[in-house]
Amino acid sequence: MIVKGRSLTKAFHRRCDVVVVGTGAGGAMCARQLARAGRDVVALEMGGFHRPSEFTQREDEMLPMLFQERAARATKDMSVTVLQGRGVGGSTVHNTNLCKRTPDAVLDEWARRFGVSGWSPAEVAADFAATEKDLSVSVLGEAQLNAANRIMKTGTEALGWKGGFLSHNRVGCVGSGFCELGCAFNAKQNALKVLIPDGLAAGLDVYSDCEVTAVKVERGRAVGVSGRYVDADGLPLGEFEVSADAVVLAGSAVGTAALMLRSGLPDPHSEAGRHLHLHPGAPVAGVYDEPVLGWKGIPQSWEVMEFLDFERDDKRVWIVGNFAHPIGTATNLPGFGPEHARLMGEYAHLVVFTPMLHDRTEGRVTVTRRGRIQLQYTLSAGDREQMALGLRESARLHLAAGAKRVVVPFVEPVEVTSERDLGLITAERLGPLELPVLAVHPMSAARMSGSAKDGVVRPDGRHHQVENLYAADGGLFPTSIGVPPQISIYTAGRIVARHVDAALPRAS
C-alpha cells in the first residue's frame, strides 16, 4: 500500500523486517527486491506521491514539487546549483533517462585504491543486465534525435570525434521534451512506474511525506528510524517511528550522509559526508540561423566521448546536449535588461551543449546546528583546467555544426565566432560564481571501502561501525563514475538488497 503521510492525523509506529529510507533508484530497487524475497518492508519517502496526471509541464509548479529545496539547493557559496529529486521515485521522476553502466576502469580503480571487493566488472555484469531488463533499457537511433541533438551529431562527425547514440529507459515516448518536469505521458520506465508497483504487489508498504530525522541505534545495532510526517511544503505535522531488523539508507549521497551526521552515528575516522563528488556541468549555447526549437523531442540522445578516457587524467570531460525551458534558460543566460532580452529573443535558435566533469574535486556534506544541509565544494585547479577544456571544445563543436556564434555565459560573457576566440575560455575565468554551474549527480559522501579508515560502509553496503545498517545509493561510490549514475544506483540497490536478505534470519 501507499500511505500519504500528510493525510495522517496522529503519530504512528510500525514494525517490519527492513525499513528503507528513500524511494529513488537505489531505495526503490532495494525495497522491491527485499519484498520479493518475502521480507516485510517499509519504504519511507520525505517527498510526496505524485502521479503522471499531476505533471503539468509548468516550471513554476513542477520545480517546487519534484526537487529538493524547491530546486534551489546549492553549494554553500552558491556557486553550484545541485538539482535532486524529492518524492516517490526520487530523481528518476525528473531525469532524462540516460542509462550507462559504471565504466570497467572505474570499478577496477575502486578495487585497487579502496579495497572494494565484489564489484569487479565480471561480478556485477549480471546485476547490470538484470537492471537494464527491468527498466527496458534500449539504444536510441536516428529517429529519436531531435533537431538539437542532430546538430550535435553533425558537429561530432564534422570533427571526426568519438560520439554515439545514448541508451534510455523510455517506452512509448511521444517526444514532448518535458522529461525534467515529470513525464505526463508515463513513458519513463523508472522507479515510480516499474519498481514501486512491483514492490507493492509483493507486499511493500510505502509512506510518502515522511522525513526521517534519526537512525535509532541500540548496543551498536540499528533498530529502526524516527522522524516526522510533513505537508506539501515540508512543514511538520506529526511524528512516527519504524522499528526494524535492518535499516537501509537510500536518500541520495547528500541525504544519506546528512542523516548519518544528524543521527550521531559512530564515525571514528570522520568519513561521513566527506569526498562528495558532483559531476558538475556548465552550459555552452550556440546560436543558429534557422529555428531549432530545442525544447521539442528527446532532450539528450547523442553523446561526445572524445574527451572522456577513464585511463587518463587529462581527458575527464563528457559532452552531452541539454536544453532548458524558459525560466531555466533565463536564469542561465548572462546580461541584464536589453542584452538579456536580446539573447532570450533568440530562444528558438539556441542549442546548448553541456560539458560534464568526471571530477577529482572532493567536497563535503555538513549539517548545521539547526539541521540544515550544507554542501561545500570548490573546483580544484586540475578540475578547472578540465572544465575549461570542456567549454572550449563544446564551443568548437558548435562552430563545426554551423553556429553563427557561441555564448559561454560567464558573468562577462565570452562570444565565440571563430576558433581564434577559443583562447578566451581559460581556467582562470572559472572562479566561484563566474559561470552558472549545475550538478545533478551527487556521489560518494558515504563511500564504501575495504577498510573503515577509508570509508563509511563496507563493499556489501553495511556500515563499518553499526550492525544492520546499510547504504544503497550513489553515496557509496568511492569516486565519481564520470557518467550518469542512475543505472549504477539501481544496481547498487539490487546488490545491497541481496546482502541484507542474506544477513537476516528466516522464520522457522
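All values derive from a computational prediction rather than experimental measurement. (Residues numbered from 1 in each chain as written. Predicted model: local features only at pLDDT ≥ 70, side-chain atom pairs only at ≥ 80, totals over all residues. Heavy atoms only, no water.)

**Some details on the packing of helix H4 (residues 121-134) against helix H11 (residues 486-503)**
Line of reasoning, step 1. H11 packs onto H4 with a crossing angle of 115° between their chain directions and a minimal axis gap of 9 Å. Crossing of H4 against H11: the hand is right-handed. Judged by residue contacts, Val-124, Asp-127, Phe-128, Ala-130, Thr-131, Glu-132 and Asp-134 of H4 engage Ile-487, Ser-488, Tyr-490, Thr-491, Arg-494, Ile-495 and Arg-498 from H11.
Line of reasoning, step 2. When its residues are assigned to classes, the contact of H4 with H11 shows six nonpolar, three polar and five charged. (Axes fitted to C-alpha atoms, helices over the stretch in contact; angles between N-to-C directions. Helix = DSSP H or I, 4+ residues; strand = E, 2+ residues; numbered from the N terminus. Left-handed = near helix turned anticlockwise from the far one by under 90°. Contact = heavy atoms within 4.5 Å. Nonpolar A, V, L, I, M, F, W, Y, C, P; charged D, E, K, R; others polar.)

**Describing the packing of helix H1 (residues 25-36) against H11**
Line of reasoning, step 1. Running from amino to carboxyl end, H1 crosses H11 at an angle of 35°, the nearest separation of the two axes being 7 Å. Between H1 and H11 the crossing geometry is right-handed. Residues Ala-25, Gly-26, Met-29, Cys-30, Arg-32, Gln-33 and Leu-34 of H1 touch H11, and the partners they reach there are Gln-486, Ile-489, Tyr-490, Gly-493, Arg-494, Ala-497, Val-500 and Asp-501.

**Quick notes on the packing of aromatic side chains**
Line of reasoning, step 1. Applying the stated criterion to the full structure yields nine aromatic pairs.
Line of reasoning, step 2. An angle of 65° between the planes, with centres 6.1 Å apart, marks the rings of Trp-110 and Trp-119 as edge-to-face. Across the pair, Trp-119 and Trp-110 agree in class, each one buried.
Line of reasoning, step 3. Look at Trp-110 and Phe-477: their rings are 5.5 Å apart centre to centre, the planes differ by 25°, and that puts the pair in the stacked class. Residue Trp-110 is found in helix H3 (residues 104-114), and its partner Phe-477 is found in the loop between strand E22 (469-471) and H11; the two are separated by 367 residues along the sequence.
Line of reasoning, step 4. For Trp-110, a relative accessible area of 0% gives the class buried.
Line of reasoning, step 5. Here Phe-477 falls in the buried class, since its relative accessible area comes to 1%.
Line of reasoning, step 6. Taken together, the ring pairs in this structure connect Phe-12, Tyr-207, Tyr-229 and Phe-240 into an aromatic cluster. (Phe/Tyr/Trp six-rings, centres within 6.5 Å; stacked < 30°, edge-to-face > 60°. Buried < 20%, exposed > 50% of the residue type's maximum accessible area, 1.4 Å probe, protein only.)

**Quick notes on the sheet that holds strand E20 (residues 414-416)**
Line of reasoning, step 1. Read from one edge to the other, the open sheet built from seven strands follows the order E6-E14-E15-E16-E13-E19-E20, with strand pairing classed as antiparallel. The open sheet is flanked by strand E6 (163-165) and E20, the only strands paired with a single partner. If you compare each strand with its neighbour and ignore which way they point, the axes differ by 25° on average.
Line of reasoning, step 2. The sheet contact formed by strand E13 (residues 284-287) and strand E19 (residues 405-408) spans three bridges and is antiparallel. The residue bridging Val-287 from the neighbouring strand is Arg-405, located in E19.
Line of reasoning, step 3. Sheet strands in contact with helix H10 (residues 381-401) are E13, strand E14 (302-304), strand E15 (317-322), strand E16 (350-357), E19 and E20, and its direction is about 150° off that of E16. (Pairing = 2+ DSSP bridges.)

**Comments concerning helix H2 (residues 59-66)**
Line of reasoning, step 1. Regarding H2, the residues found buried are Glu-59, Met-62 and Leu-66. On an axial view of H2, the arc spanned by its buried residues comes to 80°, and they lie on one face.
Line of reasoning, step 2. Buried positions along H2 lie against helix H8 (326-332). (Arc of directions from axis to C-beta.)

**Comments concerning the pattern of salt bridges**
Line of reasoning, step 1. Taken as a whole, this structure holds 38 salt bridges when the rule is applied.
Line of reasoning, step 2. Note that Glu-142 is salt-bridged to Lys-153, the shortest N-O span being 3.5 Å. Of the two residues, Glu-142 sits in the loop between strand E5 (138-139) and helix H5 (147-159) while Lys-153 sits in helix H5, which places them 11 residues apart along the sequence.
Line of reasoning, step 3. With a relative accessible area of 38%, Glu-142 lands in the partly exposed category.
Line of reasoning, step 4. Here Lys-153 falls in the buried class, since its relative accessible area comes to 13%.
Line of reasoning, step 5. Put simply, Arg-32, Arg-36, Asp-134, Asp-198 and Arg-494 are held in one network by salt bridges that share partners. (Salt bridge = Lys/Arg side-chain N within 4 Å of Asp/Glu carboxyl O.)

**Examining the environment of Lys-153**
Line of reasoning, step 1. Along the sequence, Lys-153 and Phe-114 sit 39 residues apart, while their C-alpha atoms lie 38 Å from each other.
Line of reasoning, step 2. When sequence neighbours within four positions are dropped, the list of residues in contact with Lys-153 reads Glu-142, Leu-145, Phe-165 and Trp-302.

**Focus: unusual backbone geometry**
Line of reasoning, step 1. Positive phi is not limited to glycine here, since Arg-70 has a value of about 55°.
Line of reasoning, step 2. Tracing the backbone shows Arg-70 in the loop between H2 and strand E4 (80-82).
Line of reasoning, step 3. Despite not being glycine, Asn-468 has its phi angle at roughly 65°, a positive value.
Line of reasoning, step 4. Here Asn-468 is to be found in the loop between strand E21 (437-439) and E22.
Line of reasoning, step 5. The exposure class of Asn-468 is buried, given its relative accessible area of 14%.

**Let's talk about the nonpolar core**
Line of reasoning, step 1. Membership of the largest hydrophobic core comes to 95 residues, with the highest contact counts inside it found for Leu-44, Trp-110, Trp-119 and Val-500.
Line of reasoning, step 2. Of all the elements, H11 adds the most residues to this core, at eight residues.
Line of reasoning, step 3. Once residues lying within four places of it in the same chain are set aside, the contact partners of Val-500 are Val-18, Leu-34, Ala-246, Val-248 and Tyr-470.
Line of reasoning, step 4. Among the nonpolar cores identified, the runner-up in size contains 51 residues, and Met-152, Tyr-288, Phe-307 and Val-414 belong to it. (Core = buried A, V, L, I, M, F, W, Y, C linked by side-chain atoms within 4.5 Å.)

Keep in mind these values describe shape, not function.
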